[in-house]
Amino acid sequence: MTDSLAWEQPDWLDEATAWIDQHVERTGEVELMLARPWSAIVRVPTEGGHVWFKENGPASAYEPALTELLVRQRPEQLPEIISWEGSRILTKDAGPRLRKVLDSGGTNPSWEEILPLYAELQIAFMDDADHAAALGTPDDGPQLLPERYEALGG
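These numbers were taken from a predicted model, which means no experiment stands behind them.

Reading the values: rules and limits
- Residues numbered from 1 in each chain as written.
- Predicted model: local features only at pLDDT ≥ 70, side-chain atom pairs only at ≥ 80, totals over all residues.
- Heavy atoms only, no water.
- Salt bridge = Lys/Arg side-chain N within 4 Å of Asp/Glu carboxyl O.
- Helix = DSSP H or I, 4+ residues; strand = E, 2+ residues; numbered from the N terminus.
- Buried < 20%, exposed > 50% of the residue type's maximum accessible area, 1.4 Å probe, protein only.
- Patch = residues over 30% accessible without salt bridge, like charges linked within 9 Å, V, L, I, M, F, W, Y side chains within 5 Å.
- Areas by Shrake-Rupley, 256 points an atom, 1.4 Å probe, with all protein chains shown as cover.
- Core = buried A, V, L, I, M, F, W, Y, C linked by side-chain atoms within 4.5 Å.
- Contact = heavy atoms within 4.5 Å.

Q: Quick one: what's the story with the pattern of salt bridges, residue by residue and with numbers?
A: Side-chain pairing between opposite charges can occur once the charged atoms of the two side chains come close. For the structure on display, the rule yields eight salt bridges. A salt bridge links Arg43 to Glu31, with the nearest nitrogen and oxygen atoms 2.7 Å apart. Here Arg43, found in strand β2 (residues 39-46), pairs with Glu31, found in strand β1 (residues 31-35); they are 12 residues apart in sequence, far enough to count as distant. Accessibility expressed as a relative area gives 24% for Arg43, which makes it partly exposed. Judged by relative accessible area, which is 38%, Glu31 ranks as partly exposed. Arg74 is the partner of Glu120 in a salt bridge, and the nearest nitrogen-oxygen pair spans 3.6 Å. Of this pair, Glu120 sits in helix α4 (residues 111-125) while Arg74 sits in the loop between α2 (63-73) and β4 (81-85), and the two are 46 residues apart along the sequence. Members of the salt-bridge network, linked through shared partners, are Glu15, Glu55 and Arg88.

Following this line, the structure appears as structure tokens:
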């Protein structure tokens, strides 16, 4: 068994492309856009525009299942999922990355705009917290603060 990430394997992109082809009809070649220690992102051309494939590393393998759970709460604020399986997910394009918007002179949303949306999502999601934890989502609840404080030598 190897400790390398899936996308570090020589045949990974071919295997990922075969999985993608089971879910969308491509109009061109896939393009690996990012490969980081936590995930790899692939842009996929289709008749309806680009879709995005993401393969998560072991530490965030829960992300596709969690995203699907979150989409039920706020479909208008999350990318539309085409398909997901295990640590991989295929979504429709959700617009430009924030970095690209900022680099092209766009303005950063204010904290006053972002934080209420984030709080609303967390409140709406409270009933699904146990389900999210069962999917492997890390538990960062406030009940863990004393234990973490002690672990830091507090």
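Q: Tell me what's going on with a nonpolar patch on the surface, and back it up with residues and numbers.
A: A surface patch of nonpolar side chains, amounting to about 460 Å² of accessible area, comprises Trp111, Ile114, Leu115 and Tyr118. Position of Tyr118 among the secondary structure elements: in helix α4. Owing to a relative accessible area of 49%, Tyr118 belongs among the partly exposed residues under this scheme.

Q: Help me get a handle on the nonpolar core, residues and values and all.
A: By size, the foremost hydrophobic cluster in this structure holds 14 residues, and its most contacted members are Trp12, Ile20, Val24, Val42, Val44, Phe53 and Leu90. Those elements that provide at least two residues to this core are α1 (12-21), β2 and β3 (49-56). No other element matches α1, which puts four residues into this core. When near neighbours in sequence (up to four residues on either side) are disregarded, Trp12 contacts Ala6, Trp7, Leu32, Ala40, Val42, Phe53, Glu55 and Arg88. Listed in part, the six residues of the second largest apolar core include Leu69, Leu70, Leu121 and Phe125.

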